[in-house]
Amino acid sequence: MEKIEILRSTLRWSSRLERADIEKLLKQATTLRDEVMGLSHKERFVQAAAGGEAIPQEEVERMPRERRQALLERSFIFEGTFGDNPKLLESLETAEKAAPTDLPVLIDGESGTGKELMAKVIHANGSRQDRPFISVNCGAIPDSLLESELFGHKKGAFTGASSDRRGKFESAHTGTIFLDEIGELPLTGQVKLLRVLEAHEIQRVGSDEVIAVDTRIVAATNKDLRSMSKEGTFREDLFYRLSVIHVSLPALRERRDEIPLLVAYFSDEAAGMLKRRPVRLTPRLRDFLMHYDYPGNIRELRNLLYRVSCLAGDTADLAHLPQDIRPKPAALATVVPIGPVGAVSALATSLSEAKRAASDEAERAFLERGLQEVGGTVAELARRCDMNRSHLQMLLKKHGIIRRIFGGRGWRKGQRGRGTAVAVCMALPPYMPALATTSHS
Ligand SMILES: Nc1ncnc2c1ncn2[C@@H]1O[C@H](COP(=O)(O)OP(=O)(O)OP(=O)(O)O)[C@@H](O)[C@H]1O
Ligand SMILES: [Mg+2]
């Protein structure tokens, strides 16, 4: 820990690093990683010696929180975040058990559920972690180039083969090959892949030489390979060979309990990337993020957080969502009624979050009502409330309330009266994207 802290503070306080310094820091980081990995291997060895199975049955039946904690304590390497969702924990535990073996793994799940991340997790937790991880997208290679891409070719094997070339399998020798979108592999490619799985050897296109390859195979798909093999579009024997270990990743809408964690994780990640403070989310945006269906799963959530972090000032609201998924005014009315504050705070996942949500909501309702009462004049509201004008403007900006909407063009008389503040926002959704850039005077 001490070494890690020294490394962190070196990085924190350097405004600029020369290549040589970067190399030095990298070397220190690699040594540290090896030390940590050494510890984790020792721990695994002790576990294996003590009880055979890495994860005893009683543990699988434990409460999700304890299962998660146990995974972390076993130094499980995961380049992301995960919570207590039982479906996801099951996949992670399977991956953890499979990682140290060389058995083929098939990962399935909808687009954006983290299949590639999971493949890397399996690689990073296994004995090949320091060897290459080679990724091949089977859906992106034209049929005519597939064989050469996977197995390489000999000079002159076909027009354009101007020199000998190694294929992906050779590059992944002693490491892991990740065959992404395996369901897109044409039948001819499937036959050749089966041969590698059976014989652990390849032949470059145009060559008679047989080359032994020691490659761990992890494949991924968003298709149902079992049904495809029944229909005859995917070889059944290949399916069984690839899926010795089968890991299924649940869609994000089936693990909504993970959303708050992912939101915090991606807000921080985006803040780091955009060199800004993590964005705050209004309760209604948070509510939207909790209930949205996410056809693009975790990737979509990640992109949303990057988008709102880029577009919003301190606080992001529904207006910062892409137009096509932004809730319609009518839907908004049912999701966030302006009534009792508890409606919003009930969505919070902790007491402090509930308090903050309730206080935010009360503040927003107060400002909206106040502005209505003074006909939209910020200076007047500041005077009546005995507040500093620029502080008031900052609060209005934080809540995405623009003075203009209570005054001239956008404000319709019929909407005045109690409980109409949200209706005001709903009546004018198009003004909101301008929030991030509008300066309020
Ligand atoms: N548990 C997680 N924690 C943090 N980030 C995650 C997690 N799961 C997935 N991600 C991130 O979500 C994005 C999508 O993940 P990934 O590319 O692995 O999905 P995929 O299932 O391979 O998608 P596709 O089917 O479209 O290829 C990546 O940026 C990945 O890092
Ligand atoms: Mg992928």
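Here, the structure is the one placed above.
Sequence order as written defines residue numbering, which begins from 1 separately in each chain. Each chain is given a letter, starting from A, and each ligand a number, starting from 1, according to the order in which they appear as written. Side-chain atom pairs in this predicted model are given and counted only at pLDDT of 80 or more, local residue features only at pLDDT of at least 70, and totals for whole chains, interfaces and linings cover all residues.

Draft legend 1. Summary view of the overall build of the chain. Counting secondary structure elements, the chain contains 21 helices and 11 strands. Looking at the 441 residues of the chain, the share that counts as buried comes to 29%. Helix and strand labels come from DSSP, where a helix needs a run of H or I of at least four residues and a strand needs a run of E of at least two; each type is numbered from the N terminus. Exposure is read from a count of other C-beta atoms within 10 Å of each residue's own; the residue is exposed at 12 or fewer, buried at 20 or more and partly exposed in between. C-beta atoms are placed from the backbone.

Draft legend 2. Up close: helix α7 (residues 143–151). Within α7 the residues assigned to the buried category are E147, S148, L150 and F151. Positioned one or two residues after α7, G152 has a phi angle of 85 degrees, which is positive.

Draft legend 3. Quick look at the sheet that holds strand β5 (residues 176–180). Two strands make a pair as long as DSSP finds a minimum of two bridges between them. Pairing within the open sheet is parallel, and its 5 strands lie in the order β2-β5-β8-β1-β9. Each edge of the open sheet carries a strand with a single partner, namely β2 (133–137) and β9 (245–248). Looking at each pair of strands side by side, their axes are set apart by 20 degrees on average, direction ignored. Lines are fitted to the C-alpha atoms to define the axes, a helix being fitted only along its stretch in contact, and any angle between axes, read from their N-to-C directions, falls within 0 to 180 degrees.

Draft legend 4. Looking closely at the packing of helix α4 (residues 64–73) against helix α5 (residues 86–98). Across the interface, α4 lies against α5 with an axial gap of 10 Å and an inter-helix angle of 30 degrees. The angle between the axes of α4 and α5 places the two elements in the roughly parallel class. In this structure, α4 crosses over α5, and the sense of that crossing is left-handed. Facing α4, whose interface residues are P64, R67, R68 and L71, α5 presents P86, L89, L92, E93 and E96. The cut-offs work like this: below 35 degrees is roughly parallel, past 145 is roughly antiparallel, 65 to 115 is roughly perpendicular, and the gaps in between are oblique. By the definition used in this description, the sense in which the near helix is turned from the far one sets the handedness, with an anticlockwise turn below a right angle giving left-handed and a clockwise turn giving right-handed. In this description, a residue-residue contact is defined by the distance between C-beta atoms placed from the backbone, which must lie within 7 Å.

Draft legend 5. Spotlight on the nonpolar core. Structurally, a nonpolar core is described as a collection of buried Ala, Val, Leu, Ile, Met, Phe, Trp, Tyr and Cys residues joined by way of C-beta atoms within 7 Å. A95, I107, M118, I122, L179, V218 and A219 are the most contacted members of the largest nonpolar core, which totals 39 residues. Counting residues per element, this core draws most heavily on α5, at 5 residues. In this structure, A95 is in contact with M118, V121, I122 and V247, ignoring residues within four places of it in sequence. One finds A270, L285, L304 and A312 within the second-largest nonpolar core, a separate group that totals 22 residues.

Draft legend 6. Quick look at the pairing of β5. Across the 5 residues of β5, 5 count as buried, placing the element largely inside the fold. Burial along β5 is two-sided: the face carrying T176, F178 and D180 and the face carrying I177 and L179 are both buried. Pairing geometry for β5 and strand β8 (residues 216–221), over 4 bridges, is parallel. Considered in β8, the bridge of T176 is made with R216.

Draft legend 7. Spotlight on the site of ligand 1. Near, for a residue, is defined by distance from a backbone-placed C-beta atom to a molecule or strand, with 6 Å as the limit that must not be exceeded. Taken together, 16 residues lie around ligand 1, and G80, S111, G114, K115 and E116 are the ones closest in. Of all the secondary structure elements, the ones that give two or more residues to the shell around ligand 1 are α6 (115–124) and α14 (297–311). Considered class by class, the residues forming the shell around ligand 1 number 4 nonpolar, 8 polar and 4 charged. Both domains that meet at the shell around ligand 1, namely domain 1 (82–250) and domain 2 (256–436), each give it at least three residues. Think of it as three bins: nonpolar holds Ala, Val, Leu, Ile, Met, Phe, Trp, Tyr, Cys and Pro, charged holds Asp, Glu, Lys and Arg, and polar takes everything else, Gly as well. Each domain's limits were defined by an automated method or a database of domain assignments.

Draft legend 8. Up close: the packing of helix α18 (residues 378–385) against helix α19 (residues 389–398). The contact between α18 and α19 brings their axes to 9 Å, and the two run at 115 degrees. For the element pair α18 / α19, the angle class is roughly perpendicular. Pair α18 / α19 crosses with right-handed handedness. Between α18 and α19, the contacting residues are V378, A379, L381 and A382 on the first element and R389, L392, Q393 and L396 on the second. Of the residues assigned to the contact of α18 with α19, the class counts are 6 nonpolar, 1 polar and 1 charged.

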